[in-house]
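Given next are the chains, with one letter for each unit.
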Amino acid sequence: MVVIGAGPYGLSVAAHLRAAGVAVRVFGEVMGSWRHAMATGMFLKSTPDATDLSAPEPGGRLADFRRVHGESELTELTPIPCDVFVRYGQWFQKRYVGDVEPARVAGVDRAPSSSGFAVRLDDGRQLTAAAVVVATGLNGLASIPKELLRLAPEGAGAGALVSHTSHHSDLSRYAGQRIAVVGGGQSALESAALLHEAGAQVEVLVRERRVRWGSVPQPRRPWPQRLAQPASPLGTGWMLAAVCRAPGGVRWLPAAARLLLFRRALGPSGGWWLRDRVEDVVPVRTSCRVTRAEASGSMALLGLAGPGGSEGLAVDHVLAATGYRLDIDALAFLAPTLRRRIVCVPGSKAPQLTSMFETSVPGLYVTGSLAAPMFGPMMRFVAGTQYAATRVARDAARWVVAP
Ligand SMILES: Cc1cc2nc3c(=O)[nH]c(=O)nc-3n(C[C@H](O)[C@H](O)[C@H](O)COP(=O)(O)OP(=O)(O)OC[C@H]3O[C@@H](n4cnc5c(N)ncnc54)[C@H](O)[C@@H]3O)c2cc1C
């Protein structure tokens, strides 16, 4: 069996499969997204308790990793640097997963002469697998609004005047330049802080009326408050607590309600610890929409619409912190014939999944963000690995069990 991806979900699924004695090959760079699709200097927004990968036995939590390495305990009040999380993932892989092959999967199709899958790697190797787990996270799903795409004509490559935040691991290359960051969530606000600190002239363009910030965690809340606003890995409140407690229950909601939950739960906001680095430090325009964008020589000219009317803004580069679109068709490694057989959640391009994360193609499983329209917002975060990995591994084991 094959697991595609070695991030939190791929590693957790693989750990459970290996513990169950299933012969599994795992492809991808260990914690690849956290090493290359996030800028140096970033921190996790989630708290340490919500950042554990799912191990098949006790001892694999982030706190265990810190203890084993003699590092101080992280609390709700200590933002986790990305590189700590990467080291934790690497340690988890060595301890619970073992071999991970760094090759990328370039193609998956039905095997011609069996019920399994033909898997093609980017180095030309081919193999067959009885079952495939897609754990590729948000790779390939970055979304740039069409009005900004005019700044990235086909073939512009690194010279394009717009890029997505996920394309960067080092924002210091923009030192001394004028940069417009489009978006009002954590990626936008943290990128803006890092750009400013690197010596860029930054302006953040936010569609919403105001920037929302997370509140400072209160480790010892009085019980009436805990009752009124129960805690969950994604924050406080009854709705979040319910969807985190029962992701399987979310699956029974009508598709329209699940999609609404996906779009509305956890709207854009910045982590509480980021506020001081942005507010009154970096210029932020709220209620501001980019209506057009065009290149003028080496500059990007943006047309902006806001409460005060329309105006223009000239910058050296536009950084789109505009999120991701869940679209199974964007997974180029899945053969078109296979993709066509994947039934999607009505009104979306995210796959319809069984209670065990299997798509309508028997033996093909999907985890992570692409599973969020079925199981709720927890699947967008590391906190969902326990629920997903235990179920995927239990079900997928029926396809192949090692002798
Ligand atoms: C800027 C940013 C900040 C975030 N902060 C948090 C946070 O604080 N807390 C939190 O819980 N979540 C956070 N998230 C969400 C985060 O992406 C997920 O929680 C988590 O990484 C999902 O794990 P994953 O395994 O699904 O995907 P990923 O971590 O993206 O891992 C995907 C893996 O697939 C591999 N891969 C991709 N394509 C292929 C291929 N064709 N062949 C082989 N391998 C492939 C990649 O190399 C990588 O190893 C953040 C996301 C972003 C973008």
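None of the values given here were measured: they were computed from a predicted structure. (Residues numbered from 1 in each chain as written. Predicted model: local features only at pLDDT ≥ 70, side-chain atom pairs only at ≥ 80, totals over all residues. Heavy atoms only, no water.)

Next up on the list: the overall build of the chain. Secondary structure assignment for the chain yields 14 helices and 17 strands. In terms of overall size, the chain behaves like a compact globule, its C-alpha atoms giving a radius of gyration of 22 Å where 403 residues would be expected to give roughly 22 Å. If one aligns the C-alpha atoms of the chain with their principal axes, the spans along those axes are about 70 × 55 × 45 Å. Buried residues in the chain amount to 51% of all 403 residues. The contacts of the chain with a sequence gap of at least 6 include a subset with a gap of at least 24, amounting to 65%. As displayed, the chain has an accessible area near 18,700 Å², and 53% of this comes from carbon and sulfur atoms. Where the 44 positive side-chain charges of the chain centre and where its 31 negative ones centre are 7 Å apart. (Helix = DSSP H or I, 4+ residues; strand = E, 2+ residues; numbered from the N terminus. Rg over C-alpha atoms; globule rule 2.2 N^0.38 Å. Buried < 20%, exposed > 50% of the residue type's maximum accessible area, 1.4 Å probe, protein only. Contact = heavy atoms within 4.5 Å. Areas by Shrake-Rupley, 256 points an atom, 1.4 Å probe, with all protein chains shown as cover. Lys, Arg positive; Asp, Glu negative; His and termini not counted. Charge placed at Lys NZ, Arg CZ, Asp CG, Glu CD.)

As a further point, take the side chain of glutamine 93. Structurally, glutamine 93 can be placed in helix α4 (residues 82–97). In this structure the side chain of glutamine 93 is engaged in a polar contact, spanning 2.8 Å, whose partner is the backbone oxygen of glycine 98. Every residue in contact with glutamine 93, bar those within four places of it in the chain, is listed here: Leu11, Val30, Gly98 and Val100. (Polar contact = N/O pair within 3.5 Å; in protein donor to acceptor, adjacent residues only side chain to side chain.)

How large an interface is tends to be reported as the accessible area lost when its parts come together. As assigned here, the chain comprises domain 1 (2–140 + 324–396) and domain 2 (146–212 + 269–320). Counting residues at the interface gives 15 residues for domain 1, matched by 17 residues for domain 2. In total, about 1,200 Å² of surface goes out of reach between domain 1 and domain 2, with carbon and sulfur atoms giving 58% of it. Our count for the domain 1 to domain 2 interface comes out at zero salt bridges. Where domain 1 packs against domain 2, one counts three residue pairs in polar contact (both at pLDDT 80 or more). (Domains from an automatic or database assignment. Buried area = accessible area lost by both parts, 1.4 Å probe. Salt bridge = Lys/Arg side-chain N within 4 Å of Asp/Glu carboxyl O.)

The contact between helix α1 (residues 8–19) and helix α14 (residues 385–396) brings their axes to 8 Å, and the two run at 45 degrees. Judged on the interaxial angle alone, α14 and α1 are oblique. Both α1 and α14 take part in a crossing whose hand is right-handed. Judged by residue contacts, Pro8, Tyr9, Ser12, Val13, His16 and Leu17 of α1 engage Thr385, Ala388, Ala389, Thr390, Val392, Ala393 and Ala396 from α14. Tallied by class, the residues present in the contact of α1 with α14 amount to nine nonpolar, four polar and no charged. (Axes fitted to C-alpha atoms, helices over the stretch in contact; angles between N-to-C directions. Parallel < 35°, antiparallel > 145°, perpendicular 65-115°, else oblique. Left-handed = near helix turned anticlockwise from the far one by under 90°. Nonpolar A, V, L, I, M, F, W, Y, C, P; charged D, E, K, R; others polar.)

Across the sheet, which stays open at both edges, the four strands sit in the order β2-β1-β6-β17 with parallel pairing between neighbours. One side of each edge strand has no neighbouring strand; the edge strands of this open sheet are β2 (25–27) and β17 (364–366). Pairs of neighbouring strands in the sheet enclose a mean axial angle of 15 degrees, with direction left out of account. The sheet contact formed by strand β1 (residues 2–4) and β2 spans three bridges and is parallel. (Pairing = 2+ DSSP bridges.)

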